[in-house]
Amino acid sequence: MADLGVPYRFIRWIANWLTNRTARVRINNTIGRSRTFKEGLPQGSVLSPLLFIIYINDLLDKFNDSTLVSAYADDLALACRGRNKEEVESRLQAEVEKFCRWRSEAHLNLNTTKCEASFFSLDSAEAKWQPKILINGATLKHNPTPTFLGVSFDRQLTFAEQAKKVRQTMSKRTNLLRKLSGTSWGWQPNDLRTVYIATQRSLAEYAAPAWAPWLAQTHLKSLETTQLEAARAITHHLRSTPTEAVLHEAHLTPLSSRLKLQALLKADAWNQLPPSDPRHRLLYENVKMRLQKKPDWRSSTLPRLTALELHTPCAYSSHPCPPWLLPPPSKPPLPQSLNTCRPSPKEIRQKSSSEAWVNRTYRSSQMDPPKKALRTVVQVLSSLRRLQSSTNGMVPLAAAAAPTTLKSIILSDCKSLVQAMGNTHMQDPAIRRLQGDIALFPPPKRLQLLWIPGHCNICGNDLADALAKLGLLDDQTNTPPGRSHKTCHHPT
């Protein structure tokens, strides 16, 4: 971890987490003695897979560049190619010995019973040849159809064994659909279709871009037949019903089209990677095919990418260094004083006319508006009434109106109050009384109650909240309008 640039505080935390771990076994009422774990990782922890990958990170550097290494978690596959089988056997044996030396240095155990050796060749004369690869003096067993990460391989890489395995599993699960699709008591077709997609089609589409483009038409038709049987179980159609009608009623796409779509999506994803990525290079690598009639995934995806104008790589941005080495994100500087960016009454009027929003979908079943906000609006309304009789009085900032305008606006961040005021069917007597007071507001002045978002990075919002709290503490019932700070600021 230190070689990867992980900060020391993270390394120290993980070391403390892995040190002095104890466990005990309990059977009924008997508890065994505590045992201290000196190696390994806690099973079930989200950090364990990541720490294991970091631990074996230097393994891939031990092999030659010509060796194809496929690693996923604790699964490892080594592949070598050459002009003859003896050359391939000797090169692979040398790579296996490198792995054994690294395993000994890393103090890792190897389960040789799960290790296999396979041979791939298009020459029929070499079909029965078996490589002899030794690990710790024991010869690895030969498997002509190995399975790696859920995909089965065969000697000629036709993936016929993978198609056969998928077809057999889908046929077994089609029987489950038949049990669930009774005509009088069975599930609905939509539910059966969901079961099919989850249990059968997902199996056929697993890693499909890796093996489906290489399938012969015979194997594709066998998969299509398996899906058609499932579609008949969903729709209860007879065998004489046309295939297109059965798939249309079951709302299913032909499986061959689905497999081509999966390959095209994967090719498009690789196309958007940077040119230095090995998957991008593999997509555009010029490989000479030994069998011209054999299908491949490049010939089936690249023309479609060109037709869809997706062959041009898209812009790709990646982190040049690990996340813990990236600089912290920059934050916008805060104003030195809230008073320097305090908006003027004119700016408040302009913003309220363009950004304020009144929601008139309030229902009586919703929560009643806060009494504090209701009392505040009543106080502001009484202040506005007093201002009507004063030509020299200063308009409160909370009202956001001037004596020369024809409209007075009360801004409030209490949405429930504004919604309640917009509902003419409210039964609350306080709301009904306030609606009547606003309706009787003396002309030619007009009063409007608008909602504004509270605490949304509005410049000066903290200062407005502080002034609002001061305004609530004052007795405003008998205070005449004037220019003092105590009367010109009211809570909003």
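See the structure shown above.
Procedures and definitions
Residues numbered from 1 in each chain as written. Predicted model: local features only at pLDDT ≥ 70, side-chain atom pairs only at ≥ 80, totals over all residues. Heavy atoms only, no water. Helix = DSSP H or I, 4+ residues; strand = E, 2+ residues; numbered from the N terminus. Expected span 1.5 Å × (residues − 1). Buried < 20%, exposed > 50% of the residue type's maximum accessible area, 1.4 Å probe, protein only. Contact = heavy atoms within 4.5 Å. Core = buried A, V, L, I, M, F, W, Y, C linked by side-chain atoms within 4.5 Å. Polar contact = N/O pair within 3.5 Å; in protein donor to acceptor, adjacent residues only side chain to side chain. Axes fitted to C-alpha atoms, helices over the stretch in contact; angles between N-to-C directions. Parallel < 35°, antiparallel > 145°, perpendicular 65-115°, else oblique. Left-handed = near helix turned anticlockwise from the far one by under 90°. Nonpolar A, V, L, I, M, F, W, Y, C, P; charged D, E, K, R; others polar. Patch = residues over 30% accessible without salt bridge, like charges linked within 9 Å, V, L, I, M, F, W, Y side chains within 5 Å. Areas by Shrake-Rupley, 256 points an atom, 1.4 Å probe, with all protein chains shown as cover. Salt bridge = Lys/Arg side-chain N within 4 Å of Asp/Glu carboxyl O. Pairing = 2+ DSSP bridges.

Let's shift gears to helix α9 (residues 255-271). In this model, α9 (17 residues) spans 24 Å end to end at C-alpha, consistent with the 24 Å of a helix rising 1.5 Å per residue. Restricting attention to buried positions, one finds in α9 the residues Leu 255, Arg 258, Leu 259, Ala 263, Leu 264, Ala 267, Asp 268, Trp 270 and Asn 271. Structurally, α9 contributes buried residues whose contacts are with α5 (189-204), α6 (208-211), α7 (217-235), α10 (278-283) and α11 (297-307).

Let us look at the nonpolar core. Taken as a class, soluble globular proteins show a tendency for nonpolar side chains to be buried jointly. Leu 177, Tyr 196, Trp 211, Leu 215, Leu 223 and Leu 259 are the most contacted members of the largest nonpolar core, which has 36 residues in total. If you list the elements that add at least two residues to this core, you get α4 (160-180), α5, α6, α7, α8 (243-249), α9 and α11. Ranked by the residues each element gives to this core, the list is headed by α7, at 7 residues. What Leu 259 contacts, discounting residues up to four positions off in sequence, is Ala 204, Glu 205, Ala 208, Ala 212, Leu 220 and Leu 223. Of all hydrophobic cores here, the second largest spans 12 residues; its members include Val 418, Ala 420, Met 421 and Leu 434.

Attention now goes to the environment of Lys 165. Along the polypeptide, Lys 165 turns up in helix α4. Overall, Lys 165 belongs to the partly exposed group, its relative accessible area being 30%. Sequence separation between Lys 165 and Ala 204 is 39 residues, and the spatial gap between their C-alpha atoms is 9.7 Å. Of note is the side chain of Lys 165, whose polar atom sits 3.3 Å from the backbone oxygen of Gly 150.

It is worth spelling out unusual backbone geometry at this point. Of note in the backbone geometry, His 107 takes a positive phi value of approximately 60° without being a glycine. Along the polypeptide, His 107 turns up in the loop between α3 (85-106) and β7 (116-117). Of note in the backbone geometry, His 251 takes a positive phi value of approximately 60° without being a glycine. Tracing the backbone shows His 251 in the loop between α8 and α9. By relative accessible area, His 251 is classed as exposed at 53%.

Another aspect to go through is the packing of α5 against α7. Between α5 and α7, whose axes approach to 9 Å, the crossing angle comes to 155°. In terms of orientation, α5 lies roughly antiparallel with respect to α7. For the element pair α5 and α7, the recorded crossing hand is right-handed. Each of Pro 189, Leu 192, Arg 193, Tyr 196, Gln 200 and Arg 201 in α5 lies in contact with α7, whose residues at this interface are Gln 227, Ala 230, Ala 233 and Ile 234. Here the contact of α5 with α7 is built from residues that sort into 6 nonpolar, 2 polar and 2 charged.

On the surface, Tyr 72, Leu 149 and Tyr 206 cluster together into a nonpolar patch covering about 320 Å² of accessible area. Inspection of the secondary structure puts Leu 149 in the loop between β11 (147-148) and β12 (151-152).

Turning our attention to the pattern of salt bridges. In total, this model carries 10 salt bridges according to the counting rule given. Where Glu 87 meets Arg 91, a salt bridge forms, and the shortest distance between an N and an O atom there is 3.8 Å. Here Arg 91 and Glu 87 lie together in helix α3, a separation of 4 residues that amounts to about one turn. We classify Glu 87 as partly exposed; its relative accessible area is 31%. The exposure class of Arg 91 is partly exposed, given its relative accessible area of 26%. With a closest N to O distance of 3.7 Å, Glu 95 and Lys 98 form a salt bridge. With a gap of 3 residues between them, Glu 95 and Lys 98 both fall in helix α3, about one helical turn apart. The partly exposed category is assigned to Lys 98, whose relative accessible area is 21%. Residues joined by salt bridges that share partners form a network here, namely Arg 178, Glu 229, Arg 232 and Arg 239.

This part covers the pairing of strand β5 (residues 68-72). Counting buried positions along β5 yields 0 of 5 residues, so the element is predominantly exposed. Sheet analysis places β5 next to strand β6 (residues 75-79), joined by 5 bridges and oriented antiparallel. Directly across from Leu 68, in β6, lies its bridge partner Ala 79. Between β5 and the antiparallel strand that follows it, β6, lie 2 residues; Ala 73 among them carries a positive phi value of about 55°.

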